Amino acid sequence: MLLRNIKVPSQQVSFLDAVRIGLGEQQGLFFPDQWPSLDVDALLAMPFVERSAAILGALIGDEIPQAELLAMVSQAFAFGAPVAKVTEQIGCLELFHGPTLAFKDFGGRFMAQALLASQRRSGIAKTTIVTATSGDTGAAVAHAFFRQPGVKVVILFPKGKISPLQEKLFTTLGENIQTLAVDGDFDQCQALVKEVFNDRDLVAKLQINSANSINISRLFAQICYYFEAVAQLTPEQRAELVVAVPSGNFGNLTAGLIAKALGLPIKRMIAATNANDTVPRYWRSGVWQVNPTVATLSNAMDVSAPNNWPRVEDLLAQGVIAREALSTQVVDEEDTQLSMRQLAQLGYLSEPHAAVAYKALKRELSPTEYGLFLGTAHPAKFKEQVENILGNPIALPPALAAVAGEASLAADLPADFVELRKYLLALE
Ligand SMILES: *Cc1c(COP(=O)(O)O)cnc(C)c1O
């Protein structure tokens, strides 16, 4: 299947080309404009990995043989996505059982497999992935490529500006994973990565590839866990299902809307944001007005210019999603904390991102509906905040406990492209 550049529709590329290129001309996003028809009931009866390979095969077409795709998916989705019961009427789709304890493991690990498949096609033996992270994405990408032959990964992060536990998840790996603590903020890290990609000599010499958040392979991967969620529900729950998604860049929401467009029984979706409410304001007023980003408890959602939104617009324009099927909610800091305490009283330990979605669901769910909210990160990933809000200590899961005591292997780097260039060339 060909993917079209939303901004420059004449640019049409295959899935693996879109994976390799990342962004299209004029910074346009790649997106399908046709959708396969699926036998949803048959799919829901299948096991997670097999079902996911079938869905991805239908989306991608014959560019990747089904056996190869199945192998890629079983590498990527090596952990589950269980629905935890919170009340009779509400469940949490837990997406944090991967190696870095956040839903970004699903997209990051499948993106790694797709980049490797694209590399196999081109006959290139070596590649260097250069990416900047403000926390979760870097860790997911690092783990996804750890010990992959022929791949070096260089991750830039703002020194001292991400949580110590988050940092340990990717700076302690070593081997083919190089980490750079940049003396600057996340925007400076991103600017440095941009300069790398503008340096054609450097890109050609090191076969540099990006692994950024708008890569279409991530979205496709995320569609699969919405099917996995519905597969776990009873027929009554499936009949009137409402899904609330804690949203920052709106990738997760886009994937859910695609799942709905593919025929998954989702009655409607709620996009829940924190105070960074560009989309909810736009949804009400029709005016796209980006305000300065504000820091909140749900910091992975502190995004004021969500880069996946044009894809949502495209689904509406294509007519595969009705405007009434989507609503938006803004949840402030007080309601976030209150919701975490309410969830704790119900016997469910949660964290700020999921709590935003839970609150949005509580506001909108009618008595005949069944609601799911997405648990995007493990509560222990936000240990200090969760303990402060709930007033109880929480235990670290084994993956975090194991790295907490290890030394960071990150090298220091000034926010200076000349220094970064020297560093990259010395990696060869
Ligand atoms: C990235 C992230 C989000 C936001 O997801 P988007 O797809 O960018 O909307 C929500 N919660 C957590 C924990 C995240 O890491």
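Because the structure is predicted, anything quoted here is derived from the model rather than measured.

Near the ligand you find 15 residues, and of these Lys104, Asp136, Gly248, Asn249 and Thr376 are the closest. Here an oxygen atom of the ligand and a backbone polar atom of glycine 251 are 3.2 Å apart. Here the ligand, which alone exposes 380 Å², has 95% of that area covered by the protein. Across the shell around the ligand, the residue classes tally to six nonpolar, seven polar and two charged.

With that settled, consider the environment of glutamine 148. Mapped onto the secondary structure, glutamine 148 falls in the loop between helix H6 (136–145) and strand E7 (151–158). Considering only alpha carbons, one finds glutamine 148 and alanine 112, 36 residues apart in sequence, at a separation of 9.5 Å. If we ignore the near neighbours within four places in the chain, the residues touching glutamine 148 are Gln75, Gln113, Leu116 and Asn176.

Turning to the pairing of strand E13 (residues 370–375), a few remarks are in order. The element E13 is largely enclosed, with a buried count of six among its six residues. On E13, burial covers both faces: Tyr370, Leu372 and Leu374 on one face and Gly371, Phe373 and Gly375 on the other are all buried. The pairing of strand E5 (residues 90–94) with E13 spans five bridges and is classified as parallel. Among the inter-strand pairings, glycine 91 is bridged to a residue of E13, identified as leucine 372.

The sheet built from six strands is open, its strands ordered E4-E5-E13-E10-E11-E12 with mixed pairing. The open sheet is flanked by strand E4 (83–85) and strand E12 (326–330), the only strands paired with a single partner. Neighbour to neighbour, the strand axes of the sheet diverge by 25° on average, direction disregarded. In the sheet, E4 pairs with E5 via three bridges, with the strands oriented antiparallel. Paired with alanine 84 across the two strands is cysteine 92, which belongs to E5. Those strands touched by helix H10 (residues 216–231) are E4, E5, strand E10 (241–246), strand E11 (268–273) and E13, and its axis lies near 140° from that of E10.

What follows covers unusual backbone geometry. One non-glycine residue with positive phi stands out, namely glutamine 207, at about 50°. With respect to the helices and strands, glutamine 207 occurs in the loop between helix H9 (200–206) and strand E9 (208–209). Located in the positive-phi region is phenylalanine 250, a residue other than glycine, with phi close to 70°. For phenylalanine 250, the position within the fold is in the loop between E10 and helix H12 (251–261).

With that settled, the discussion passes to the packing of aromatic side chains. In this structure the tally under the stated criterion is 16 aromatic pairs. When the centroid spacing of 5.0 Å and the interplanar angle of 65° are considered together, the rings of phenylalanine 106 and tyrosine 225 count as edge-to-face. Highlighted residues: phenylalanine 106 in helix H5 (residues 104–122) and tyrosine 225 in helix H10, separated in sequence by 119 residues. Owing to a relative accessible area of 0%, tyrosine 225 belongs among the buried residues under this scheme. For the ring pair tryptophan 288 and tryptophan 309, a centre distance of 6.4 Å and an interplane angle of 25° mean the geometry is stacked. Pair noted here: tryptophan 288 is in the loop between helix H13 (278–285) and helix H14 (309–318) and tryptophan 309 is in helix H14, with a separation of 21 residues, a long-range link. For tryptophan 288, a relative accessible area of 36% translates into the label partly exposed.

With that settled, the discussion passes to the sheet that holds strand E8 (residues 177–183). Paired through their backbone hydrogen bonds, the strands of a sheet run either parallel or antiparallel. Here five strands make up an open sheet; going across it, the order is E9-E6-E7-E8-E14 and the pairing parallel. Because the sheet does not close on itself, it has two edges, and the strands there are E9 and strand E14 (411–414). Here six bridges tie strand E6 (residues 127–132) to E7, and the two strands are oriented parallel to one another. Across the sheet, the residue bridging to alanine 132 is leucine 156, located in E7. Running over the sheet, H6 touches E6, E7 and E8 and is turned about 165° from E7. Across the sheet, helix H8 (residues 186–198) lies against E6, E7, E8 and E9, angled at about 150° from E6, the strand it touches most.

What counts, and where the lines are drawn
- Residues numbered from 1 in each chain as written.
- Predicted model: local features only at pLDDT ≥ 70, side-chain atom pairs only at ≥ 80, totals over all residues.
- Heavy atoms only, no water.
- Near = heavy atom within 4 Å.
- Polar contact = N/O pair within 3.5 Å; in protein donor to acceptor, adjacent residues only side chain to side chain.
- Areas by Shrake-Rupley, 256 points an atom, 1.4 Å probe, with all protein chains shown as cover.
- Nonpolar A, V, L, I, M, F, W, Y, C, P; charged D, E, K, R; others polar.
- Helix = DSSP H or I, 4+ residues; strand = E, 2+ residues; numbered from the N terminus.
- Contact = heavy atoms within 4.5 Å.
- Buried < 20%, exposed > 50% of the residue type's maximum accessible area, 1.4 Å probe, protein only.
- Pairing = 2+ DSSP bridges.
- Axes fitted to C-alpha atoms, helices over the stretch in contact; angles between N-to-C directions.
- Phe/Tyr/Trp six-rings, centres within 6.5 Å; stacked < 30°, edge-to-face > 60°.

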